[in-house]
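# Secondary and tertiary structure notes
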Amino acid sequence: MNFELTKEQQMMQKSAIDFAASTLEPIAYDIDRTAEYPSAAIKSMAEHDFLGMLIPTEFEGIDADYVSVALVAEAFGKANAAAAAIAITHAVMAAGAIAKYGSTELKKAYLPAMARGEKIGGYAIAEPGAALASGPDKVVAVKDGDKYVLNGKKFFVLNGGVADVYIVIAQTNEEAGQKGVSAFVVDADDVTVLRSVDKLGLRAFPTAEIEFKNTKAVLLGAEEDGVKIMTDIQAYADVAFGAMAIGVAQAALEASTEHAKTRVQFGAPIGKLQAVQWMLAEIATNIHMMKLAVYKAAVAIQENDDYIRQAAFMKMYAMKASQDAGMNAVQIHGGTGYSREDKIERYFRDIRGAFHIENANEYPQKTIAGSLLR
Amino acid sequence: MFDLTPEQLELQQKVRSFVDEHIRPYLKEIDSGDVPEHIFKEWCKTGLVTLVAPKEVGGIDLDTKSCAIVMEELAKGDLGIATAFGANNLGSYPLLIAGTLEQQKQHFGALLEGKYGAFALTEPGAGSDAGAVATTAVKKGNEYVLNGTKCFITQGGFAIDEASSLVIFASTDKSKGSRGLSAFLVPGDTPGLSVGKIEDKMGIRGSQTVELIIEDMKIPASALLGNEGDGMKIAMKTLDSGRLMVAAQAIGAGQAALDLTVEFISERMDGSRPLARQQAVAFKLADMEASVEAGRQLVYRGAYLKDNKQPYSHHSAITKLFATDMAMQVARDAMDIMGTYGYSKDSQIEKIWRDARILSIYEGTNQIQRLVASGALLKGYKASKEASEAAR
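Reference entry: report on the structure contained in this document. No experiment lies behind these values; they were computed from the predicted model shown. (Residues numbered from 1 in each chain as written. Chains lettered and ligands numbered in written order. Predicted model: local features only at pLDDT ≥ 70, side-chain atom pairs only at ≥ 80, totals over all residues. Heavy atoms only, no water.)

### Considerations on the overall build of chain A
Scanning chain A from terminus to terminus reveals ten helices and nine strands. In terms of C-alpha radius of gyration, chain A reaches 21 Å, essentially the compact-globule figure of 21 Å for 374 residues. Each principal axis of the C-alpha atoms in chain A carries an extent, and together these give about 75 × 45 × 45 Å. Taking all 374 residues of chain A together, the buried fraction comes to 61%. Contacts spanning at least 24 positions in sequence make up 74% of the contacts within chain A whose residues lie at least 6 apart. Here chain A has roughly 14700 Å² of accessible surface; of this, 51% comes from carbon and sulfur atoms. Seen as two clouds, the 37 positive and the 47 negative side-chain charges of chain A have centres 4 Å apart. (Helix = DSSP H or I, 4+ residues; strand = E, 2+ residues; numbered from the N terminus. Rg over C-alpha atoms; globule rule 2.2 N^0.38 Å. Buried < 20%, exposed > 50% of the residue type's maximum accessible area, 1.4 Å probe, protein only. Contact = heavy atoms within 4.5 Å. Areas by Shrake-Rupley, 256 points an atom, 1.4 Å probe, with all protein chains shown as cover. Lys, Arg positive; Asp, Glu negative; His and termini not counted. Charge placed at Lys NZ, Arg CZ, Asp CG, Glu CD.)

Laid out in structure tokens, this is it:
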């Protein structure tokens, strides 16, 4: 039971905080308004090795431990949550998946380019109008020699439209329904981007609807390993997005504390009012508890110890805690917190995205209750 | 007493039709931030533009429950539009509380012609602390000269128009603090009144929110509502009424979120089964409905108290508190259920979620409602204890 960061983790944290302050924070307001992909900042992330966090050194990555990944996500989230989400999707959900499940051939083909930021990774799971493998547009994969051919549509593809390579979950066994899915690596060249999907928050984080028409795909892992891989990658991603939410909440807390000190009503700063103090205390406690849960899960990932369940515990708590933090920050700011001139309303919209940009109906409760009843 | 009268049902239907025809098709336009005036023009044709105008001045003098029905239905269509249209009523309560017949004729005459009304109390330094109003009104002969800045004024930019009508609060005696506050009836085209910053808001973008700059604005002494120093009392009574309407709007927003969720769950497949077969999802609907309906009954009870001339300030505070927090929670629940779709702008829920977030802030933050309600409870206890001790 040791809560100290290692020297390496401290260095990683410092470099992430410095990078976020100099490169990500200054553009955060503007890219929220324009919903423009911050390509220069992402290139710069690659130069600072943040895109290859989970890529082994032999493929030009830095093979960081998962606590370090969470520290980076937190630092980025505090400065610019949309940029954090782009980095998490690329580094964890795409490159991370290939690094963990890909054949040597796949790793060689993609990872060095992904570490250098020459290829950006995306992740495609949600489908239009229905849960995975349920609707009329579901993505179905058919074997064709040593490759597969995909047909169907994906809604809300993460890094959709900007990615060069996608991890795609597609049905390979129709009879097995939602369990009969497999994971694939797909080149963007062979994919049609139908439209970009605008969202409430994380607006510069590209999400798109894409279509596969006889699109060639390479299997990741074994056939019908889809559920296992998807569950695994999403546990990794949830922990990173949880760390991102901590960052956003921390930024909101700092702004709220400052506001409580400087906004004068009834002849004194509103921070003198108990009702305001209690809201600040609640945000700080939410952050504190999220940190314990997120970093506990990050350590569990690193040690390969029951991390799917640890991530589920974290998500169950943090889904609510992160939103409550956003709610309280807006409330402390009053009318100012509702204005788009202030960053508070962006924090509120962005933090909502931390746990709502992946598959809709994957409840952490299922994982936890399932483990109890098994 | 729990049923709507035939007249109220007819009114409800009328507003629903208006929403279907003139609001729903324009939701994207409304949310873009260009306040769509064509909707207000159509609204003027319904005869519902000023719900509370007395019959003496040609109004329909609607009962409070009917007003609540109108506000709920409008807000179910779009909370921003309901806020914008509601500003006419908010700006009119001060006239009902303290206006002479002459002043009422001037004010409601303008509104019934399709001009905007507005209520200008809040200032950069006077939000929850309304007593801190820094705008001054200095009497010079038979005139008052006003100077100051108002902010977050709903429809304020439109109210600055020929023959529109605003109520502006200013201090006539700074030394008396909130007891030195006075209310004035101000035609929109008065020289010295101008629009400053127009707020770019997260939600309720169908309503306009502006800063009003008041520079050496001269108005006749007859513009004073009630007496000098009545301002705080007028403002508080206005907000008692306004809060019931905000609560009614919250019910509309909550109902809209619930309706969308029922539709989503009904239409969506999860594997080979409808999503509705998941208890975690379906049970949530029951919680959402229970809280929307509880809020609605609080609103109706508040309307009953007001229309029967019983004290309702305390009830109004808990109604606003409950209904607005409820609406936000229901919007959150709806978005939780809708997952990625709910987070995208393909869904309508993300707009409702943004819109609903204002409800616990405007017309008295929910912290102020707690102050009012807890104060009333504690005062009531003290009074009854003193009474029983006196009787002993």
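### Thoughts on the interface of chain A and chain B
Quoted interface sizes are often the accessible area lost when the parts come together. Listed by partner, the interface residues are 51 residues for chain A and 47 residues for chain B. Together chain A and chain B conceal approximately 4000 Å² of surface at their shared face, both sides included; 53% is due to carbon and sulfur atoms. On the chain A side of the interface with chain B, the three residues burying the most area are Leu200, Gln331 and Tyr338 of chain A, jointly 20% of the side's total. The tally of links from chain A across to chain B stands at six salt bridges. Aspartate 200 of chain B is the partner of arginine 340 of chain A in a salt bridge, and the nearest nitrogen-oxygen pair spans 3.5 Å. Viewed at the interface, chain B and chain A are joined by 33 residue pairs in polar contact (both at pLDDT 80 or more). When contributions to the side of chain A that touches chain B are tallied by element, the ones reaching two or more residues are β3 (147-158), β8 (264-265), α7 (274-302), α8 (307-333) and α9 (344-353) of chain A. Looking at the side of chain A that touches chain B, its residues break down into 19 nonpolar, 15 polar and 17 charged. (Buried area = accessible area lost by both parts, 1.4 Å probe. Salt bridge = Lys/Arg side-chain N within 4 Å of Asp/Glu carboxyl O. Polar contact = N/O pair within 3.5 Å; in protein donor to acceptor, adjacent residues only side chain to side chain. Nonpolar A, V, L, I, M, F, W, Y, C, P; charged D, E, K, R; others polar.)

### Re helix α3 (residues 66-79) of chain A
Along its 14 residues, α3 of chain A runs 20 Å from first to last C-alpha, staying within 8% of the 20 Å computed at 1.5 Å per residue. Where burial is concerned, most of α3 of chain A is hidden: 13 out of the 14 residues are buried. (Expected span 1.5 Å × (residues − 1).)

### Here's the deal with the packing of aromatic side chains
Overall, the coordinates contain 16 aromatic pairs over all chains when judged by the stated rule. Residues phenylalanine 50 of chain A and phenylalanine 76 of chain A carry aromatic rings whose centres are separated by 5.1 Å and whose planes lie at 80 degrees to one another, so their mutual orientation is edge-to-face. Of the two residues, phenylalanine 50 of chain A sits in the loop between α2 (39-47) and α3 while phenylalanine 76 of chain A sits in helix α3, which places them 26 residues apart along the sequence. Per residue, the accessibility class of phenylalanine 50 of chain A equals that of phenylalanine 76 of chain A, and both read buried. Where phenylalanine 348 of chain A meets tryptophan 353 of chain B, the ring centres are 4.3 Å apart and the plane angle is 15 degrees; that geometry is what we call stacked. In this pair, phenylalanine 348 of chain A sits in helix α9 while tryptophan 353 of chain B sits in helix α12 (residues 349-356), so the two residues belong to two different chains. Here phenylalanine 348 of chain A falls in the buried class, since its relative accessible area comes to 2%. For tryptophan 353 of chain B, a relative accessible area of 1% translates into the label buried. An aromatic cluster is present here, built from Phe18, Phe40, Trp43, Phe85, Tyr116 and Phe158 of chain B joined pairwise through their rings. (Phe/Tyr/Trp six-rings, centres within 6.5 Å; stacked < 30°, edge-to-face > 60°.)

### What to know about the nonpolar core
The biggest cluster of nonpolar side chains holds 240 residues, and the ones touching the most others in it are Met45, Tyr66 and Phe76 of chain A together with Leu74 and Leu146 of chain B. The dominant element in this core, judged by the number of residues it contributes, is helix α6 (residues 226-262) of chain A, at 20 residues. Residues Ala124, Ala141, Leu150 and Ala217 of chain A belong to the second largest nonpolar core, which totals 18 residues. (Core = buried A, V, L, I, M, F, W, Y, C linked by side-chain atoms within 4.5 Å.)

### Here we look at the pattern of salt bridges
This model, assessed by the stated rule, comprises 39 salt bridges over all chains. As a salt-bridge pair, glutamate 73 of chain B and arginine 16 of chain B come within 3.0 Å of each other at their nearest N and O atoms. Of this pair, glutamate 73 of chain B sits in helix α4 (residues 64-77) while arginine 16 of chain B sits in helix α1 (residues 6-23), and the two are 57 residues apart along the sequence. Ionic contacts of the salt-bridge type, sharing partners, join the residues Arg33 and Arg340 of chain A together with Asp200 and Arg205 of chain B into one network.

### Concerning α4 of chain B
Residue and element names in this part refer to chain B. Between its first and last C-alpha, α4 extends 20 Å over 14 residues, near the 20 Å set by a 1.5 Å rise per residue. The buried fraction of α4 amounts to 14 of the 14 residues, a majority that puts the element mostly inside the structure. Capping of α4 at its N-terminal end is provided by aspartate 63; its side-chain oxygen lies 3.2 Å from the backbone amide nitrogen of lysine 65.

### A few points about a negative patch on the surface
On the surface, Glu56, Asp61, Asp63 and Asp307 of chain B cluster together to form a negatively charged patch. The residue aspartate 307 of chain B is located in helix α10 (residues 279-307) in this model. (Patch = residues over 30% accessible without salt bridge, like charges linked within 9 Å, V, L, I, M, F, W, Y side chains within 5 Å.)

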